[in-house]
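# Working through the structure, step by step
Below are the chains, spelled out letter by letter.
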Amino acid sequence: MAKKIDFLKKIKDFIYKNQKQKTVKIKDKKKIRFPFFTKAKVNPIIVPKEENHWEAWQTFNPAAIVLQDRVHFLYRAIGFDGVSRFGYAKSDDGFKIRERLDYPVFEHQSKNPFNIYSFFSGGSFTGAEDPRIVRVDNEDYLYLTYTACDEGLRVGLSSIKMDDFLAKRWRCKKPQIISAPGQTHKNWVIFPEKINGYYAILHSISPKISISFRESLEFKDEEYIESYYNGNGWKDASWEFYVRGVGPPPLKTRLGWLIFYHALQKNDWWKYKVGVMILDLNNPQKIIYKAKEPVLQPDKKYEHNGFKPGIIYVSGAVIKDDKLLVYYGAADSYIGVAYAKVDKFLKQIEKDIQPQLLSTTLKKKHYDD
């Protein structure tokens, strides 16, 4: 086992060494802001801890949920053994981390201890990737979807009682694999409300919005959601050359369901950029608005220096204290947060403002210190 871990570490070190030779230098002399979002000065808010073997290499791609007026995170972590697990952290204001556990809280028991698909998907060799967490209506359970490195890359589903989650009793239900065998799927999210009386799972946005409506989130043995994804940009695509998938679970707004997604631009193919769309509240397979340009893209040093330079991956988003907070993995190595006033954000969508880079001076607040 020790020889295997040493071999994996050599592979990882080789990748880091070669990537650092081509990292991009970013001048951070001025604070850069998109009209939609501002990146907090405290970024990154979560970084690897070498003293914890399970999160010593990478900490990124967090799930986020507001419970009892606090933001709770499950974040992806990779350590010396190359296994991808989930850690837990908590913030009172959504910016500064007040609590972070020194042990992992969730691990997927993969059948294959070495999964090459997982390595190219983020740098781990097995385990669980990219959690999304949601509470449906006022149920007593929280539902967790994630990428399971199990016979390829498939979608896992688990749940935990809310009281157990808040008390840090990590008694998660045995995971179910809900995507079909022999297919590669990631980025499936559950709507936070039933739609027309049904649970709704958004499982593809390319070539079209695809949602599975179910009476229950219990799956029988060998029961799967059939999904199709091809990554092609839409017919009316303005910047999306290749669509990667959905970010956080949908957020309900006065305009409709707010969806973040990741895509690549033809002239900037090595960067992950973030777009937004609004889906109809009653018929979420219908797009009623889609921004013409990315609303977030990598422009900070920590977003270009890590395991995957030029990657920002939004996997958590919450509304708290009249702010829309989005949490993202940076360079597959760190976690950052960007924010916007909810009302202003929605008005910008209504006015169809085309995002562009602007410099700004903000009034200092405690999270910008």
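In this report, the structure presented in the accompanying data block is examined. Please read all numbers here as calculations on a predicted model, not as lab measurements.

### With respect to empty space enclosed by the protein
Here the idea is plain: a probe the size of a water molecule rolls over the atoms and shows the empty space left. For the structure on display, the rule yields two cavities of 30 Å³ or more. As a volume, the largest cavity reaches approximately 80 Å³. If you trace the largest cavity, you find it lined by L74, V105, F106, I133, L144, S159, I160, F165, W170 and C172. Around the second largest cavity, the lining residues are D130, R132, T145, Y146, T147, V155, K186, N187 and W188. At the level of secondary structure, the elements contributing two or more residues to the lining of the second largest cavity comprise strand 7 (126-135) and strand 8 (141-149).

### So, the pattern of salt bridges
Throughout the structure, instances matching the rule amount to 27 salt bridges. As a salt-bridge pair, D130 and K186 come within 4.0 Å of each other at their nearest N and O atoms. Here D130, found in strand 7, pairs with K186, found in the loop between strand 10 (176-177) and strand 11 (189-190); they are 56 residues apart in sequence, far enough to count as distant. D268 is paired through a salt bridge with K273; the nearest N and O atoms lie 2.9 Å apart. Relative accessible area serves as the criterion here: at 16%, D268 is assigned to the buried category. A cluster of three or more residues bridged by salt bridges with shared partners is formed by R76, E129, D130 and K186.

### Here's the deal with the packing of aromatic side chains
The final tally for this structure, using the stated rule, is 17 aromatic pairs. Arranged with centres 6.0 Å apart and planes meeting at 45°, the rings of F37 and F260 form a pair that is tilted. With F37 in the loop between strand 1 (32-33) and strand 2 (38-39) and F260 in strand 16 (residues 257-265), the pair connects residues that are 223 residues apart, well separated along the chain. You can call F37 buried: its relative accessible area is 1%. Judged by its relative accessible area of 2%, F260 is buried. Three or more aromatic residues joined by ring pairs form one cluster here, namely F36, F37, F260 and F345.

### Observations regarding the side chain of H203
Topologically, H203 is positioned in strand 12 (residues 199-204). Among the polar contacts made by the side chain of H203, one reaches the side chain of S227 at a distance of 2.7 Å. H203 has contacts with W188, S210, I211, S212, I225, E226 and S227, leaving out every residue within four places of it along the chain.

### A closer look at the sheet that holds strand 11
Here we have three strands laid out as an open sheet, ordered 11-12-13, and antiparallel in their pairing. What marks the edges here is a single partner per strand, and that holds for strand 11 and strand 13 (210-214). Across two bridges, strand 11 lies against strand 12 in antiparallel orientation. For V189, the partnering residue across the bridge sits in strand 12 and is L202.

### Brief notes about the side chain of S84
By the secondary structure assignment, S84 is in strand 5 (residues 83-91). A polar contact of 2.8 Å, which involves the side chain of S84, links it to the side chain of R76. Among all residues touching S84, those that are not within four sequence positions of it are R76, A77, I78, S124, T126, G127, A128 and E129.

Thresholds, definitions, all that
- Residues numbered from 1 in each chain as written.
- Predicted model: local features only at pLDDT ≥ 70, side-chain atom pairs only at ≥ 80, totals over all residues.
- Heavy atoms only, no water.
- 1 Å grid on protein atoms, 1.4 Å probe; cavity = no way out; pocket = protein on both sides within 12 Å on 5 of 7 lines; lining within 4 Å.
- Points joined across faces, edges and corners; volume = space filled by probe spheres on them.
- Helix = DSSP H or I, 4+ residues; strand = E, 2+ residues; numbered from the N terminus.
- Salt bridge = Lys/Arg side-chain N within 4 Å of Asp/Glu carboxyl O.
- Buried < 20%, exposed > 50% of the residue type's maximum accessible area, 1.4 Å probe, protein only.
- Phe/Tyr/Trp six-rings, centres within 6.5 Å; stacked < 30°, edge-to-face > 60°.
- Polar contact = N/O pair within 3.5 Å; in protein donor to acceptor, adjacent residues only side chain to side chain.
- Contact = heavy atoms within 4.5 Å.
- Pairing = 2+ DSSP bridges.

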